[in-house]
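The chain contents come next:
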Amino acid sequence: MTRASILLSAVMLSGCGKPPTAQPALAPGFTFASKSITLPADRTTLPVGAATALVAQNCTGCHSAEMLTTQPKLDAKTWAAEIAKMRTVYHAPIDPADDERLVAALMALPTQRSPRP
């Protein structure tokens, strides 16, 4: 071992065994405070059933039932593209094996808007 490597090893090991240093303090005048908010009640619910359970499992983590049921009628190709976008752009944990059933369930939801032209 060269003298330089011994010196480097000594410097690197000099911090071993020392207790960790205190965390740096926050900037003066800066404090964290817990806040709570009250979200409005969802005025709509999804219909009961196995198909809508799949929608609830995959979509309602981010989207309200009201938002889902006020979408315009979309065709299967458009819903499939929306699901793919949610998975790739927003990293939604949607199993690709569920895509066909999820598209069918979304197409079967009651809507309050007229079909897209």
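The coordinates are above.
Residues numbered from 1 in each chain as written. Predicted model: local features only at pLDDT ≥ 70, side-chain atom pairs only at ≥ 80, totals over all residues. Heavy atoms only, no water.

Novice: What am I meant to see in helix H2 (residues 50–59) here?
Specialist: Helical geometry: 3.6 residues make up each α-helical turn, so side chains three or four residues apart lie on a common side. Listed as buried for H2 are Thr52, Leu54, Val55, Asn58 and Cys59. The buried residues of H2 occupy an angular sector of 145° when the element is viewed end-on, so they sit on one face. Seen from the buried face of H2, the exposed residues on the opposite side, beyond 90 degrees, are Ala50 and Gln57. On the buried face of H2, the contacting elements are helix H3 (65–69) and helix H5 (99–108). (Buried < 20%, exposed > 50% of the residue type's maximum accessible area, 1.4 Å probe, protein only. Helix = DSSP H or I, 4+ residues; strand = E, 2+ residues; numbered from the N terminus. Arc of directions from axis to C-beta. Contact = heavy atoms within 4.5 Å.)

Novice: Looking at this structure, how should I read the nonpolar core?
Specialist: Most often, soluble globular proteins keep nonpolar side chains buried together rather than apart. Ranked by internal contacts, the top residues of the largest apolar core, which has 16 residues, are Leu46, Val55, Leu68, Ile83, Leu102, Leu106 and Leu109. Taken together, the elements giving at least two residues each to this core come down to H2, H3, helix H4 (76–88) and H5. Broken down by element, this core gets its largest block of residues, four residues, from H5. Here leucine 102 is in contact with Leu54, Val55, Asn58, Cys59, Ile83 and Ile94, once residues within four sequence places are set aside. (Core = buried A, V, L, I, M, F, W, Y, C linked by side-chain atoms within 4.5 Å.)

Novice: Just to check I follow, could you spell out the pattern of salt bridges for this structure?
Specialist: Side-chain pairs of opposite charge can arise whenever the charged atoms involved come near each other. Enumeration over the complete set of coordinates arrives at four salt bridges. Close ionic contact of glutamate 66 with arginine 43 constitutes a salt bridge, the shortest N to O distance being 2.4 Å. Here glutamate 66 is found in helix H3, whereas its partner arginine 43 is found in the loop between helix H1 (3–13) and H2, with 23 residues between them in sequence. We classify glutamate 66 as partly exposed; its relative accessible area is 24%. Among the salt bridges present, the one from arginine 101 reaches aspartate 98, with a minimum N-O distance of 3.0 Å. (Salt bridge = Lys/Arg side-chain N within 4 Å of Asp/Glu carboxyl O.)

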